[in-house]
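Coordinates in review
Here is what each chain is made of, one letter per residue.
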Amino acid sequence: MLFYLIEIVTLIAINVIFALGLNIQFGYVGVLNVGYIAFVAIGAYITAVTSLGNTENGFTQLYILHWNVPWPLPVLFGGLAAAAVGLLLATVTLRNLRADYLAIATLSLAQVLYTIVANNDSLFNGAQGLAGVPRPFDAQLADASQEVYGLVFLIIAVIFAAILFLATRQLQRSPLGRFMRAVREDEVVAESFGRRPLVARLAALGIGCFFAGIGGGLLIEYQTAFGSQAWFPLETFIIFAAVIVGGTGNNLGAVVGAAIVLVGINESTRFLPASIPSELVGPGRGVLIGVLLILFLRFRPQGLLPETRVRLYGRRIETPDNPELPTPPQTADATTS
Amino acid sequence: MTSVDDALLAVDSVSQNFGGVQAVRDCSFVVRSGHVTGLIGPNGAGKSTLMEIIAGGLRPTRGRVVLRGEDITGKLRSTVGRMGLVRTFQTARVFPRLPLMENLLIGRQVQRGESLARAWLPPLWRAQEDELRARAEELLEEVGLSHRRDALGGELSGGQMKLLEIARALMANPTLLLLDEPIAGVNPRLVDTVVAVIERLRGRGIEVLLVEHNLSFVGRVCSDVIVMAEGTVLAQGDLDTVRADRRVIDAYLGSA
């Protein structure tokens, strides 16, 4: 039971990183990266091939690089590689990264990468994926029990999630975060005040993809294996569901959304009675997430935790529940003399 | 007449076609320093198109726009903005889901904390941030919105949004402020606030070009008036002079 709890919290921590990164793109600037899961995969694969070295670890598998750099460099490489691909895509798509164009470009990129990786064994061992990825502190903790190692990894994952959470919050409170929100709200006005909306979008895209890559790196280290079945392009929408249910633009919302949608729904199906046929469980989860998303978009589009009004030194005020922000009656015009 | 190159702003033989429609026809005028200039004219005269062209939103079919000797024709909005030409919009455009304070803070164009490297290190930008916040508080006070400082942009009335836009533009310390119908939808009591704000700008070296339909307002604040009709300039001078101009009377009352 304890081990199971450790496992759940570890998975939540990793998924929080995914949700935070997507929230920076979608929630802060309104960049629609529907190929987000591909950046998770890039992080995972790069982490693997920079830590696997030449040892076959008992598996017969093909992959590139064969590096064996000390931890945590592989995870950072994963994050940087994901960010680099994100920025490369952005420069190719140009067009000011308008939401609709970028959505098409990112979805295509995810599909193209997926097809290449799944069909080309020499990159990351094809559809079977990579296994035997070394875990952090493996050598030092070779004698540790499953629970103890689980706890160590849990601490690592939570530290990563906490650092990225604090970094995200700092970004949100900074003038750069404000610039991002301004671009989301009205890019023509932002332009009229000397800003280039592309800059805010590039920054959000780079930072968000970096988060995706870091999360992917931790995920592959935790599972020690990762294959193309883990990042079918449509998986991105489950992360979107987490961000929307938690509260678009709210960092704590991303944490809550990751816990509920990404981990909670998947894990809850473990406790279904055995009489339910197992082949219904997987699709059932998808249906459940879809229904949840529709209900939230219809009845609580701001999510469980709405975006807060950020103030640098002061308190936070919750935005009103009504997202349409009605104009108050004209009497409010009366100024104090 | 001041020449194109030493004027604060010069519009030189600008034409703009939209398909077969000629919205602006060979339009030329000069905005002179030391004046609040009003651009007036009946609906469809081409005023809004011209504002877009000046602010960098639109490249004219022909002609050029010169800001203090520098050709800004067809430059990006962001470039024109950084050159000190800042505008408001005909239909107020505030950031609806951002608090008034953030709406104003965006107005300042060069901010240390907007760089990707510095954003994470508050000590590098906190001093500027404090200064901007103090300035924003002053401006909220000046346009009479400080009692609503905790509201979101989208929660204001239409008239209050116009005032917020003016305050945001002033955050930029512009050299030339374009006001697009600054009192449209503004409650009569607040019009006095707008007049007072514009009058105070004279002493600060901020020049104003405004488009407005309300002639009594134009008479109160503008010392130079440009009249447009059917895409071209009919007359320029003080309000009484242009009012007496035969062509202006025809354009306004209809020559039919």
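From a predicted model like this one, the values you see are computed outputs, not experimental measurements.

1. What to know about the overall build of chain A
In terms of helices and strands, chain A carries 12 helices and two strands. Each helix and strand of chain A, ordered N terminal to C terminal, gives the series α-α-α-α-α-α-α-α-α-α-α-α-β-β. Sequence-distant contacts, at least 24 apart, represent 75% of the contacts inside chain A between residues at least 6 apart. Summed over all atoms, the accessible surface of chain A reaches about 14400 Å², with 68% contributed by carbon and sulfur.

2. Some details on the nonpolar core
Of all hydrophobic cores here, the largest spans 89 residues; its most connected members are A:M180 and A:W231. Broken down by element, the residue count for this core peaks at 14 residues, all from helix α1 (residues 2–29) of chain A. Every residue in contact with A:W231, bar those within four places of it in the chain, is listed here: A:I37, A:A38, A:A41, A:Y45, A:A110, A:L113, A:Y114, A:V117 and A:F226. Grouped together as the second largest cluster of nonpolar side chains are 59 residues, A:F193, B:V86, B:I106 and B:I198 included.

3. Considering the packing of aromatic side chains
If you walk through the whole model with that rule in mind, you get 11 aromatic pairs over all chains. On the numbers, 5.2 Å between centres and 75 degrees between planes, the contact of A:Y114 with A:W231 is edge-to-face. Taken together, the positions of A:Y114 in helix α4 (residues 99–119) and A:W231 in the loop between α9 (197–223) and α10 (236–246) put the pair 117 residues apart, joining distant regions of the chain. In this structure A:Y114 comes out as buried when scored by relative accessible area, which is 15%. In this structure an aromatic cluster arises from ring pairing among A:Y45, A:Y114, A:F124, A:F226, A:W231 and A:F232. A cation sits over an aromatic face here: B:R168 above B:F95, 5.2 Å from the ring centre.

4. Some points on the interface of chain B and chain A
By a widespread convention, an interface's size corresponds to the accessible area lost as its parts come together. Every contact between the two is made by 51 residues of chain B and, on the other side, 46 residues of chain A. Contact between chain B and chain A buries roughly 4500 Å² in total, counting both sides, with carbon and sulfur atoms accounting for 56%. Between the two partners, chain B and chain A, sit five salt bridges. Ionic pairing is found between B:E102 and A:R181, a salt bridge with its closest N-O pair at 2.7 Å.

5. Some words on a nonpolar patch on the surface
Residues and elements named next belong to chain A. Where nonpolar side chains cluster on the molecular surface, the patch consists of L107, F232, L234 and F237 and spans about 360 Å² of accessible area. With respect to the element layout, F232 can be found in the loop between α9 and α10. The class for F232 is partly exposed, based on a relative accessible area of 40%.

6. Some remarks on the UniProt feature "transmembrane region" (unreviewed entry) in chain A
All names here are of chain A. The positions that UniProt labels "transmembrane region" (unreviewed entry) are, in the present scheme, residues 6–24, 31–53, 73–94, 101–118, 148–168 and 202–220. Within the segment residues 101–118, helix and strand shares are 100% and 0% respectively, and the terminal C-alpha atoms sit 26 Å apart. Across residues 202–220, the secondary structure splits into 100% helix and 0% strand, with the terminal C-alpha atoms separated by 27 Å.

7. Re the layout of surface pockets
All names here are of chain A. A volume near 650 Å³ is recorded for the largest pocket. Around the largest pocket sit 24 residues that line it, and N15, A230, E235, L262 and N266 are the ones nearest its centre. Looking at the lining of the largest pocket, the elements that each hand over two or more residues are α1, α2 (36–49), α9, α10, α11 (251–268) and α12 (278–299). Of all the elements, α12 adds the most residues to the lining of the largest pocket, at five residues. Here the lining of the largest pocket is built from residues that sort into 14 nonpolar, five polar and five charged.

8. Regarding the environment of A:N120
Residue and element names in this part refer to chain A. Tracing the backbone through its elements, the reader meets N120 in the loop between α4 and α5 (121–124). Exposure remark for N120: the relative accessible area of 29% places this residue in the partly exposed category. Along the backbone, N120 and D143 are 23 residues apart, and their C-alpha atoms lie at a distance of 37 Å. A distance of 2.8 Å separates the side chain of N120 from the side chain of S122, its partner in a polar contact.

9. Focus: the pairing of strand β3 (residues 36–40) of chain B
Residue and element names in this part refer to chain B. In terms of residue burial, β3 counts as a mostly covered element, since five of its five residues are buried. Of the two faces of β3, the one carrying V36, G38 and I40 and the one carrying T37 and L39 are both buried. Summarising the sheet, β3 and strand β8 (residues 207–211) pair through four bridges and their orientation is parallel. Its bridge partner being in β8, V36 is matched across the sheet by V208. As judged from the four bridges shared by β3 and strand β9 (residues 224–229), these two strands associate in the parallel manner. Bridge pairing in β9 places L39 opposite I226.

10. Some thoughts on the pattern of salt bridges
Residue and element names in this part refer to chain B. With the rule as written, the count across this model stands at 25 salt bridges over all chains. Between R200 and E142 there is a salt bridge, and its shortest N-O distance comes to 3.1 Å. With a gap of 58 residues between them, R200 in helix α6 (residues 188–202) and E142 in helix α4 (residues 126–142) connect regions that are remote in the sequence. Overall, the relative accessible area of 40% leaves R200 in the partly exposed class. A salt bridge links R149 to D150; its shortest N-O distance comes to 3.7 Å.

So, how was this worked out
- Residues numbered from 1 in each chain as written.
- Chains lettered and ligands numbered in written order.
- Predicted model: local features only at pLDDT ≥ 70, side-chain atom pairs only at ≥ 80, totals over all residues.
- Heavy atoms only, no water.
- Helix = DSSP H or I, 4+ residues; strand = E, 2+ residues; numbered from the N terminus.
- Contact = heavy atoms within 4.5 Å.
- Areas by Shrake-Rupley, 256 points an atom, 1.4 Å probe, with all protein chains shown as cover.
- Core = buried A, V, L, I, M, F, W, Y, C linked by side-chain atoms within 4.5 Å.
- Buried < 20%, exposed > 50% of the residue type's maximum accessible area, 1.4 Å probe, protein only.
- Phe/Tyr/Trp six-rings, centres within 6.5 Å; stacked < 30°, edge-to-face > 60°.
- Lys NZ or Arg CZ within 6 Å of the ring centre and 35° of its normal.
- Buried area = accessible area lost by both parts, 1.4 Å probe.
- Salt bridge = Lys/Arg side-chain N within 4 Å of Asp/Glu carboxyl O.
- Patch = residues over 30% accessible without salt bridge, like charges linked within 9 Å, V, L, I, M, F, W, Y side chains within 5 Å.
- UniProt positions renumbered as here; feature names shortened; annotations may be inferred.
- 1 Å grid on protein atoms, 1.4 Å probe; cavity = no way out; pocket = protein on both sides within 12 Å on 5 of 7 lines; lining within 4 Å.
- Points joined across faces, edges and corners; volume = space filled by probe spheres on them.
- Nonpolar A, V, L, I, M, F, W, Y, C, P; charged D, E, K, R; others polar.
- Polar contact = N/O pair within 3.5 Å; in protein donor to acceptor, adjacent residues only side chain to side chain.
- Pairing = 2+ DSSP bridges.

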